[in-house]
Amino acid sequence: MYLPPHDPHVDDPMRFKPLFRIHLMERKSATVECMYGHKGPHNGHIQIVKKDEFSTKCNQTDHHRMSGGRQEEFRTWLREEWGRTLEDIFHEHMQELILMKFIYTSQYDNCLTYRRIYLPPSSPDDLIQPGLFKGTYGSHGLEIVMLSFHGRKAKGTKITGDPNIPAGQQTVEIDLAHPLQLPDVENLRDFSELSRIVLEVQEQVRQEEQEREQRQEEEEHSQQAASQPASPLGGEGAEGEETAAGAEGLTQDKAPASQPFVLPMEVISRNEDYPRTCRICFYGTGLIAGHGFTSPERTPGVFVLFDDDRFGFIWLELKSFSLYSRIKVSFQNAQAPSREAFDEMLKNIQSLAT
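Please read all numbers here as calculations on a predicted model, not as lab measurements. (Residues numbered from 1 in each chain as written. Predicted model: local features only at pLDDT ≥ 70, side-chain atom pairs only at ≥ 80, totals over all residues. Heavy atoms only, no water.)

Points about the sheet that holds strand 5 (residues 42-50)
No. 1: Strand order in the open sheet made by the five strands is 3-4-5-6-7, with antiparallel pairing throughout. Of all strands in the sheet, those bounded by a partner on one side alone are strand 3 (20-24) and strand 7 (111-115). Taken pair by pair, the neighbouring strands of this sheet meet at an average axis angle of 30°, ignoring direction.
No. 2: Sheet analysis places strand 4 (residues 30-34) next to strand 5, joined by two bridges and oriented antiparallel. Considered in strand 5, the bridge of Glu 33 is made with Asn 43. (Pairing = 2+ DSSP bridges. Helix = DSSP H or I, 4+ residues; strand = E, 2+ residues; numbered from the N terminus. Axes fitted to C-alpha atoms, helices over the stretch in contact; angles between N-to-C directions.)

What follows is the structure, encoded as structure tokens:
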């Protein structure tokens, strides 16, 4: 299992933790050992479920338990997961979220199902190389996000989740057709000024979507009236081509001159060591929800591209900032066989999450 570094150090390397091992024996037999817990390897079981999916089960779950009970298990998990003790965390809300995460994750330490994920395919027109990134999520700690490009959109999909937004959900969506012109650094410190800029673009996006829907309805009515098949110049196909071309035009010059960047005074960041210059910013939306993924909604925000390996997202409604740093681990055989296979995988992990 690859674990993110301790919060909020997104630039630190990933941590590695073995979960099981297989001993191949003679006559095509094998033994499986579960490596979870602190009492050493013990008996386990692996089952191949179907293509690109398998399950592991621990046959001796008492090896996962500690003599000090759940309290000792929680404190040990806290040191390993967060690199700190409960006494170090003064904020009651943060303590509550961390305890909730421990309860969620410890429920599944005896039986796990693994499904293959593909790394996103890349194109020369992409803003940066797509891939996996470590990101700060406030009191939830560090989480893993997959950045992929889809024409005029870029999507950040959660590979690891939390009690509010589970893995598989699209945490951020970036509108590459709507770059943002940030004010100078002094005015950028004023949250209300940034909010005004973002909400103006949000309204513009809403109007454009309305106009697009009206055009589609008009085209459908005219086609029905004429009793003719859809023209190749109209409908969703043409719009898709136009959108992809628009996004391509935007990303041709992928490295514009850097501009000074600073977070507005009211925006909270877990990591104050964010870059003070950025390349370009775009309008985007971020997914927020209550505990248990209740009342999910997409809210406006700002995608900030710092360099080839780091980007950020300002959650306008939460007045919070997430910093993302590229995972530089080389994963073998992780490339998608086709774009269609990657899109299908994204659809599948989202359906699992819901």
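Examining unusual backbone geometry
No. 1: The step from Asp 7 to Pro 8 runs through a cis peptide bond, and the omega angle for that step is 5°.
No. 2: Counting through the fold element by element, Pro 8 comes out in the loop between strand 1 (2-3) and strand 2 (15-16).
No. 3: Its identity as a non-glycine residue notwithstanding, Asp 52 has a phi of 65°, on the positive side.
No. 4: Note that Asp 52 resides in the loop between strand 5 and strand 6 (53-58).

Observations concerning the domain arrangement of the protein
No. 1: By the assigned domains, the protein splits into domain 1 (2-115) and domain 2 (131-191 + 256-352).
No. 2: Taking only C-alpha atoms into account, the centre of domain 1 sits 26 Å from that of domain 2.
No. 3: At the junction of the two partners, domain 1 supplies 21 residues and domain 2 supplies 23 residues.
No. 4: Both sides together, the interface formed by domain 1 and domain 2 hides about 1,900 Å², and carbon and sulfur atoms give 65% of it. (Domains from an automatic or database assignment. Contact = heavy atoms within 4.5 Å. Buried area = accessible area lost by both parts, 1.4 Å probe.)

Considering helix 2 (residues 92-106)
No. 1: Compared with the 21 Å implied by 1.5 Å per residue over 15 residues, the 21 Å span of helix 2 between its first and last C-alpha is a close match.
No. 2: Among all positions of helix 2, only Met 94, Leu 97, Ile 98, Met 100, Lys 101, Phe 102 and Ser 106 are buried.
No. 3: Where the residues of helix 2 are buried, they touch helix 1 (69-82) and strand 9 (142-150). (Expected span 1.5 Å × (residues − 1). Buried < 20%, exposed > 50% of the residue type's maximum accessible area, 1.4 Å probe, protein only.)

Examining the pattern of salt bridges
No. 1: The tally for this structure, following the rule as stated, stands at 25 salt bridges.
No. 2: A salt bridge links Glu 53 to Lys 50, with the nearest nitrogen and oxygen atoms 3.9 Å apart.
No. 3: When the shortest N-O distance is used, the salt bridge between Lys 153 and Asp 175 registers 3.8 Å. One end of the pair, Lys 153, is in strand 10 (residues 153-158); the other, Asp 175, is in strand 11 (residues 170-180), and 22 residues separate them in sequence. (Salt bridge = Lys/Arg side-chain N within 4 Å of Asp/Glu carboxyl O.)

Topic: the packing of aromatic side chains
No. 1: All told, the structure shown has 19 aromatic pairs when counted by the stated rule.
No. 2: Taking the centre distance of 5.4 Å and the plane angle of 55° together, the rings of Trp 77 and Phe 102 count as tilted. Within this pair, whereas Trp 77 is found in helix 1, its partner Phe 102 is found in helix 2, the two being separated by 25 residues in sequence.
No. 3: Accessibility expressed as a relative area gives 6% for Phe 102, which makes it buried.
No. 4: Consider the rings of Tyr 137 and Tyr 324, whose centres lie 6.0 Å apart with planes at 80°: the pair is edge-to-face. Taken as a pair, Tyr 137 in the loop between strand 8 (131-136) and strand 9 and Tyr 324 in strand 18 (residues 320-326) lie far apart in primary sequence, 187 residues in all. There is no split in this pair, since Tyr 137 and Tyr 324 are both buried.
No. 5: Put simply, the rings of Phe 133, Tyr 137, Phe 282, Phe 303, Phe 311, Phe 313, Trp 315 and Tyr 324 pair up and form one aromatic cluster. (Phe/Tyr/Trp six-rings, centres within 6.5 Å; stacked < 30°, edge-to-face > 60°.)

So, the nonpolar core
No. 1: Counting residues in each nonpolar core, the largest one holds 26 residues, and the members touching the most others are Leu 180, Phe 261, Val 302, Ile 314 and Phe 321.
No. 2: Elements with a minimum of two residues in this core: helix 4 (191-226), strand 15 (280-290), strand 16 (294-307) and strand 18.
No. 3: Ranked by the residues each element gives to this core, the list is headed by helix 4, at six residues.
No. 4: What Val 302 contacts, discounting residues up to four positions off in sequence, is Leu 180, Leu 194, Val 198, Cys 281, Phe 282, Gly 312, Phe 313 and Ile 314.
No. 5: Grouped together as the second largest cluster of nonpolar side chains are 20 residues, Phe 149, Ile 174, Leu 176 and Trp 315 included. (Core = buried A, V, L, I, M, F, W, Y, C linked by side-chain atoms within 4.5 Å.)

Thoughts on the environment of Gly 83
No. 1: By the secondary structure assignment, Gly 83 is in the loop between helix 1 and helix 2.
No. 2: Measuring from C-alpha to C-alpha, the distance between Gly 83 and Arg 206 comes to 44 Å, with 123 residues separating the pair along the chain.
No. 3: Each residue touching Gly 83, except ones within four places of it in the same chain, is listed here: His 6 and Leu 78.

Here's the deal with empty space enclosed by the protein
No. 1: All chains considered together, the criterion is met by two cavities of 30 Å³ or more.
No. 2: The volume enclosed by the largest cavity comes to roughly 120 Å³.
No. 3: Listing elements by their share of the lining of the largest cavity, those giving two or more residues are strand 4, strand 5, strand 6 and strand 7.
No. 4: Across the lining of the largest cavity, the residue classes tally to 10 nonpolar, four polar and three charged.
No. 5: Of the voids in this model, the second largest cavity is the one considered here, and its volume is about 70 Å³.
No. 6: Along the walls of the second largest cavity sit Pro 4, Pro 5, His 6, Asp 7, Glu 81, Trp 82, Lys 101, His 140, Gly 141 and Leu 142, which together make up its complete lining.
No. 7: Of the residues belonging to the lining of the second largest cavity, the class tally is four nonpolar, three polar and three charged.
No. 8: Here the lining of the second largest cavity spans two domains, and each of domain 1 (2-115) and domain 2 (131-191 + 256-352) adds at least three residues to it. (1 Å grid on protein atoms, 1.4 Å probe; cavity = no way out; pocket = protein on both sides within 12 Å on 5 of 7 lines; lining within 4 Å. Points joined across faces, edges and corners; volume = space filled by probe spheres on them. Nonpolar A, V, L, I, M, F, W, Y, C, P; charged D, E, K, R; others polar.)

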